[in-house]
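# Working through the structure, step by step
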Amino acid sequence: MKSHGKLSSKDTDCFSSSCCCSLVHSCSEQANSIEKMKFEDLLLEIDGFGRFQILILFILCLPRINLPMHFLLHNFLAATPSHHCAIPQQEAFVNLTMEEVLLISIPREPDGTFRSCEMFSQPQFHLLLNSSLQPENNSIIQHCQHGWVYDHSQFTSTIATQWDLVCEQRGLNQATATFFFIGVTMGAVVFGYLSDSMLAITRTLTGVALSGVSLIVLPLGMEWVDVQHRTFSGILTSIFWSIGNMLLAMVAYLVREWHWLLVAVTGPCLLSIVCLWWVPESARWLIANGKVKQAHRHLLRCARMNGRKDFAFSPEALRRMATDKKPGRSYSYISLFRTPVLRKISLCSGAVWFGVAFSYYGMSMNLTGFGLNMYLSQFVFGVIEIPAKMIMYVLVNRVGRRQSQAWALILTGLCIGANVIIPKPFTSLRSVVAVMGKGFSEAAFTTVFLYTSELYPTVLRQNGMGYTSFVARLGGALAPLVYLLDEVWKSLPEVTYCGVAVCCGSVAFLLPETLNVRLPEGIEDVEKAKAKGPPQLGGPEGMPLQALLK
């Protein structure tokens, strides 16, 4: 048998060279694989829904309770109780009861109630003999000359009663809600002649601050959870909005004076500020914007809290994951309209957000239009939102985001339109339809937050949410002013809400579906998604993520 001799130096060099090339090739493949990794893969390794994520969601839910207490505070802060013209005392009234004084001083509506904004220029004593003979001569009817008398059985005071924001000044009362939604200091100018202009300043600045909170809370929570729990986290934070709705009804019922009511709902904002201070920045956003060290610190904290203490990776691995290959590059709102797919998403989502906010606040600020007590209406509207959210939790995972969004908004409009047709005496039926419409409206609002945060890439998510939130605030600002159209036609406000909701709901059909699709991280992910199809979950090339990081 032939014995094996030693390898020659030439053979040894060839073997060493081959091993080195193989190692370099392997390292190159590993680096390429890490570059192809997405943040969703990283979340799976550190537990995408562990103690860390649950704590973040809980902290973010506390500010969420406070939001509707301000967004819908106008219902009680600016409520207009029953009122009529103040009648100056005269000697001829000495032997008359208050009911008789009103009878000869104020004309009646066809339903027999006294008019709120008009009075007789002279007392009509003949009406004491036959009150059914209302004067047909309009020349003896004039606007209130001596102020108004308000019914204080329900409200001790509101801004409407304190500054007589009724009748000709009714538009200014509705404008207080507009000041809040727009969040500009113009309110102080318009209300400058009032004795307490601090109200307008307070409401506009509060609107600016809370719009920022509403813009941050949901995306920040969703960017820390994995795909499987994304819908759950969105619905959970949304439920706390409904809890805030119900709490507002109870707080307003207990506090009937508008100054103290404003203090009662503003005080908890301090707790919300403290809560937000402890929430870490989104690691997904930090990586996409090149802030790798800060992201690395938050991810290690997340891994330790979730019990993944053996999970270790370097900032260099995160740096390879960064989507933005140009560290100095910045994005603005203009970036939302530069590329074709993003342009379509931005235009369509803007229309949907406008319709959602316009119809939601249109219904939420009409608590007296459905035959229920104001406080009961506010509480019921809050209660109905919770089952609506539960149903949407199932629907968005079964039929998808797009169909759920479109039909929820369209059905909202149809319910509003139905109450235009249903006669006023059918108060029970009107109330049921209104509650159903409020449920659909909340379902549309719940879905649009979740849906929009999934449509935009990480590098533009806050810009996208900021843009759509701005459009929604326009809808919210216009919603209370639309009620002034009832002077043209009594049902015109409801017809307007109905038409806008149905049209904007139909626009949602033009948006792409995001069910079970990982969050896009760069603009190229959005633009190429149509050609390549939705990205699949998991590590690149089927490799375990942990293997890529070792």
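Look up: the structure comes first, before these words.
Model, not experiment: these values are computed from the prediction. (Residues numbered from 1 in each chain as written. Predicted model: local features only at pLDDT ≥ 70, side-chain atom pairs only at ≥ 80, totals over all residues. Heavy atoms only, no water.)

Quick look at the packing of helix H10 (residues 230-254) against helix H19 (residues 427-455) now. Viewed as axis vectors pointing N to C, H10 and H19 meet at an angle of 140°, and their least axial separation amounts to 10 Å. Relative to H19, the element H10 is oriented oblique. As for the relative orientation of H10 and H19, their crossing is right-handed in sense. Contact residues: Arg230, Thr231, Ile235, Ser238, Trp241 and Asn245 in H10; Lys438, Glu442, Thr446, Leu450 and Glu454 in H19. Taken together, the residues that form the contact of H10 with H19 break down as three nonpolar, four polar and four charged. (Axes fitted to C-alpha atoms, helices over the stretch in contact; angles between N-to-C directions. Helix = DSSP H or I, 4+ residues; strand = E, 2+ residues; numbered from the N terminus. Parallel < 35°, antiparallel > 145°, perpendicular 65-115°, else oblique. Left-handed = near helix turned anticlockwise from the far one by under 90°. Contact = heavy atoms within 4.5 Å. Nonpolar A, V, L, I, M, F, W, Y, C, P; charged D, E, K, R; others polar.)

Running from amino to carboxyl end, helix H18 (residues 401-421) crosses helix H21 (residues 492-507) at an angle of 160°, the nearest separation of the two axes being 8 Å. Relative to H21, the element H18 lies roughly antiparallel. In the crossing of H18 with H21, the sense of the turn from one axis to the other is left-handed. Contacts between H18 and H21 involve Ala406, Leu409, Ile410, Gly413, Leu414, Ile416, Gly417 and Val420 from the first element and Glu494, Val495, Tyr497, Cys498, Ala501, Val502, Cys504, Gly505 and Ser506 from the second.

Attention now goes to the state of the cysteines. Under the criterion given, the structure shown has two disulfides. The partner cysteine of Cys85 in its disulfide is Cys144, sulfur to sulfur 1.7 Å. Judged by the sign of its S-S torsion, about -65°, the cystine formed by Cys85 and Cys144 is left-handed. Within this pair, whereas Cys85 is found in strand S1 (residues 83-85), its partner Cys144 is found in the loop between strand S3 (141-143) and strand S4 (148-150), the two being separated by 59 residues in sequence. On the basis of relative accessibility, which here comes to 0%, the residue Cys85 falls in the buried class. (Disulfide = S-S within 2.5 Å. Buried < 20%, exposed > 50% of the residue type's maximum accessible area, 1.4 Å probe, protein only.)

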